Amino acid sequence: MTETRLLPHQDDRLYLTDGGLETTLIFHEGWDLPIGEAFVLLETEKGREAIRRYFDRYLPIAVRHGAGFVLESPTWRANPDWAAKAGYGRTRLAELNRNSIALMRSVRMKYESPRTPILISGNIGPRGDGYDPGKLMSPQEAADYHGWQIGIFAEENVDCVSALTLTNVNEALGVAQAARRAEVACVISFTLETDGRLPTGETLGEAIESVDRNTHASPIYYMINCAHPTHFADALDGDSNWIKRLRAIRANSSCRSHAELDNSPELDTGNPQELGAQYADLLRRFPHINVLGGCCGTDHRHIGSIGDACCGDRHMSEVTS
């Protein structure tokens, strides 16, 4: 029998999540990852241990603050097109997607308590590049494509699936439709440019409203990732209805644009304390946002600063309310 846990949109507590997995593995630990994706490490015990060790840096932060945690499986590029570039067929790829969830369960078992509930999310990435929308699929094409991986996660009884770094509405619609068909909760996360818009030009509000309108608001909430707070803070309108659907932030460490990051030979880790303060400012403006993590360039130091800056304020506001 599968245990049912509250999801972040059903729970006022603060949830943390991790930072840039590939950032840590490639730049800090020196792993050579084909196609820049961590799922290949699931092949060996040495690789699986590296992923466990990675999460061992993050979960104690949530435990210390009494926050929940969303465990994202290391499967952002574990979809057929990307995996084929690394020589994986669908049979082996399906096995690795399943193994990723088993690994997340072992991490949850180590750290979960009533004070720190832990959710397992099947992590889905875009079919193409997370910065460049390229040739757009139709919503139906996107549903058919992503439905394969979503179906595996649904069979593994994940708490939800999260589609990160989506660059366009059509792909978001397809993910939402496929998740609804598989009867699994889904989170939609958009990549934003330095002007706070999607790479295809829509505002965040337009994108959220379009997906909600065409899916009967089936995503449980929305997220921003792969952008710095200075890129989108001014684009968040507190008077709009759609803002309440935004509950999660996974920002980059760097203020640089995607093009600048792509062309940079060095990792820009930014300032963890400054990023924590920027998150705290966002939460003061939008206290319903309750899932906080990082994206490109971030590591456990950034999440530690975010926890220090945000969890204390959250606790005090609950005590005095």
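Here, every reference points to the structure presented above.
1. Focus on the overall build of the protein
On a plain count of helices and strands, the protein comes out with 12 helices and 8 strands. Expressed as lengths along the three principal axes of its C-alpha atoms, the size of the protein is roughly 55 × 50 × 40 Å. By sequence separation, contacts in the protein at least 24 residues apart represent 78% of the contacts at least 6 residues apart. Total accessible area on the protein is roughly 13200 Å²; 48% of this is exposed by carbon and sulfur atoms. When the 32 positive and 44 negative side-chain charges of the protein are each reduced to one mean point, those points stand 5 Å apart.

2. Some remarks on the side chain of Thr191
Looking at where Thr191 falls in the secondary structure, it is placed in strand β5 (residues 186–191). Polar side-chain contacts of Thr191 include one of 3.2 Å to the backbone oxygen of Gly130.

3. Quick notes on the packing of helix α6 (residues 139–155) against helix α7 (residues 169–182)
Two elements in contact, α6 and α7, have axes separated by 7 Å at closest approach and are oriented at 45°. Relative to α7, α6 is oriented oblique. Note that α6 runs across α7; the crossing there is right-handed. Of the residues in α7, those in contact with Pro139, Gln140, Ala142, Ala143, Asp144, His146, Gly147, Ile150 and Ala154 of α6 are Asn170, Glu171, Leu173, Gly174, Val175, Gln177, Ala178, Ala179, Arg181 and Ala182. Among the residues forming the contact of α6 with α7, the class breakdown is 10 nonpolar, 6 polar and 3 charged.

4. Some details on the side chain of Thr116
If you trace the backbone, Thr116 turns up in the loop between α5 (90–111) and β3 (118–124). On the accessibility criterion, Thr116 (1% relative accessible area) is buried. When neighbours within four sequence positions are excluded, Thr116 is seen to be in contact with Ala62, Val63, Gly66, Ala67 and Gly68.

5. Things to note about the nonpolar core
Soluble globular proteins: nonpolar side chains tend toward being buried together. Judged by nonpolar contacts, the single largest core of 84 residues is most densely connected at Phe39, Phe190 and Leu236. With residues up to four places along the chain from it excluded, the contact list for Leu236 reads Leu204, Ile224, Trp242, Ile243, Leu246, Leu282, Arg285 and Phe286. Residues Tyr15, Cys160, Ile220 and Tyr221 belong to the second largest nonpolar core, which totals 12 residues.

6. Looking at the packing of aromatic side chains
With the rule as written, the count across this model stands at 4 aromatic pairs. Taken together, a centroid distance of 5.0 Å and an interplanar angle of 80° make the contact between Tyr54 and Phe55 edge-to-face. Residues Tyr54 and Phe55 agree in their burial class; the two are buried. A ring pair is formed by Phe190 and Tyr222, whose centres lie 6.4 Å apart and whose planes are at 10°; its orientation type is stacked.

7. Considerations on the sheet that holds strand β8 (residues 291–294)
Here we have 8 strands rolled up into a closed barrel, ordered β1-β2-β3-β4-β5-β6-β7-β8, and parallel in their pairing. Strand-to-strand twist in this sheet, taken as the mean axis angle between neighbours without regard to direction, amounts to 25°. Across 3 bridges, strand β1 (residues 15–17) lies against strand β2 (residues 68–72) in parallel orientation. What sits directly across from Leu16, in β2, is Phe69. Running at roughly 160° to β3, α5 makes contact with β2 and β3 of the sheet.

The rules we used
- Residues numbered from 1 in each chain as written.
- Predicted model: local features only at pLDDT ≥ 70, side-chain atom pairs only at ≥ 80, totals over all residues.
- Heavy atoms only, no water.
- Helix = DSSP H or I, 4+ residues; strand = E, 2+ residues; numbered from the N terminus.
- Contact = heavy atoms within 4.5 Å.
- Areas by Shrake-Rupley, 256 points an atom, 1.4 Å probe, with all protein chains shown as cover.
- Lys, Arg positive; Asp, Glu negative; His and termini not counted.
- Charge placed at Lys NZ, Arg CZ, Asp CG, Glu CD.
- Polar contact = N/O pair within 3.5 Å; in protein donor to acceptor, adjacent residues only side chain to side chain.
- Axes fitted to C-alpha atoms, helices over the stretch in contact; angles between N-to-C directions.
- Parallel < 35°, antiparallel > 145°, perpendicular 65-115°, else oblique.
- Left-handed = near helix turned anticlockwise from the far one by under 90°.
- Nonpolar A, V, L, I, M, F, W, Y, C, P; charged D, E, K, R; others polar.
- Buried < 20%, exposed > 50% of the residue type's maximum accessible area, 1.4 Å probe, protein only.
- Core = buried A, V, L, I, M, F, W, Y, C linked by side-chain atoms within 4.5 Å.
- Phe/Tyr/Trp six-rings, centres within 6.5 Å; stacked < 30°, edge-to-face > 60°.
- Pairing = 2+ DSSP bridges.

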